[in-house]
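# Summary of structural features
What follows is each chain in one-letter form.
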Amino acid sequence: MTEAPNNDPHLSKKELVELFRSVDPQMLMSEDEYECFSSLEDTVTIYRRVTPYNAENVNALSWTLNRATAEWFAHRFGEQGTAYEAQINKKHICAVFLGRNESEVIVDPQYLMEISPVQEQEQGMDINGMQMS
């Protein structure tokens, strides 16, 4: 199974990364997003969720800076997914998108390091890591 953004299975991860890299990062991101990107440390901890549907696709382009967001996605719609943590050098992050409170980062997945499942935090958290009532 491969990641197919926009449902186009004809673009490989490598081609998608090349497309992101072909554009000035400041043109891809809002001012706030570029400021967030610029403030990242040299090595960044990122998170991704997988569900039974995409369990083989941990090495993907789309990750988040927010652990609670990954855990929320892992369990939305009643899924029994897994959240993963990885490290990546900032130079391999193509963009940061802050919309929908997801803190999404687009990365070159060939440079992911130390990928491992994360110990789940307390259940009942929303996408912002707040306790749900």
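An account of the accompanying structure is given in this report.

Quick notes on the rules
Residues numbered from 1 in each chain as written. Predicted model: local features only at pLDDT ≥ 70, side-chain atom pairs only at ≥ 80, totals over all residues. Heavy atoms only, no water. Helix = DSSP H or I, 4+ residues; strand = E, 2+ residues; numbered from the N terminus. Buried < 20%, exposed > 50% of the residue type's maximum accessible area, 1.4 Å probe, protein only. Contact = heavy atoms within 4.5 Å. Phe/Tyr/Trp six-rings, centres within 6.5 Å; stacked < 30°, edge-to-face > 60°. Lys NZ or Arg CZ within 6 Å of the ring centre and 35° of its normal. Polar contact = N/O pair within 3.5 Å; in protein donor to acceptor, adjacent residues only side chain to side chain. Core = buried A, V, L, I, M, F, W, Y, C linked by side-chain atoms within 4.5 Å. Salt bridge = Lys/Arg side-chain N within 4 Å of Asp/Glu carboxyl O.

## Section: the environment of valine 44
As for its placement among the helices and strands, valine 44 is situated in strand S1 (residues 43-50). The exposure class of valine 44 is buried, given its relative accessible area of 5%. The contacts of valine 44, once residues within four sequence positions are left out, are Leu65, Ala86, Gln87, Ile88, Lys90 and Ile93.

## Details of the packing of aromatic side chains
Working definition: an aromatic ring pair is given by the centre-to-centre distance plus the angle between the planes. This structure, assessed with the given rule, holds 1 aromatic pair. Taking the centre distance of 5.9 Å and the plane angle of 35° together, the rings of tyrosine 34 and phenylalanine 37 count as tilted. A residue pair is termed a helical-turn pair when its members lie 3 or 4 positions apart in one helix, as tyrosine 34 and phenylalanine 37 do in helix H3 (residues 31-39) at 3 residues. Using a relative accessible area of 26% as the deciding quantity, one classes tyrosine 34 as partly exposed. Positioned above the aromatic ring of phenylalanine 37 is the side chain of lysine 90, whose terminal nitrogen or guanidinium carbon lies 5.4 Å from the ring centre.

## A few points about the side chain of lysine 90
Positionally, lysine 90 belongs in the loop between strand S3 (82-89) and strand S4 (93-97). In terms of polar contacts, lysine 90 uses its side chain to reach the backbone carbonyl oxygen of phenylalanine 37, at 3.3 Å. Ignoring anything within four residues of it in the chain, the contact list for lysine 90 reads Phe37, Ser38, Ser39, Leu40, Glu41, Asp42 and Val44.

## Let's talk about the nonpolar core
One finds Ile46, Trp63, Ile93 and Val107 to be the most contacted residues of the largest nonpolar core, which totals 17 residues. Looking at this core, the elements that each hand over two or more residues are S1, S3, S4 and strand S5 (104-107). Val17, Leu61, Cys94 and Ile106 belong to the second-largest nonpolar core, a separate cluster that totals 5 residues.

## Describing the pattern of salt bridges
Applying the stated rule across the entire model yields 1 salt bridge. Of the charged contacts in the structure, one is a salt bridge between arginine 100 and glutamate 102, with a shortest N-O distance of 3.1 Å. Classification of arginine 100 as exposed rests on a relative accessible area of 64%. Glutamate 102 gets classed as buried once you look at its relative accessible area, which sits at 13%.

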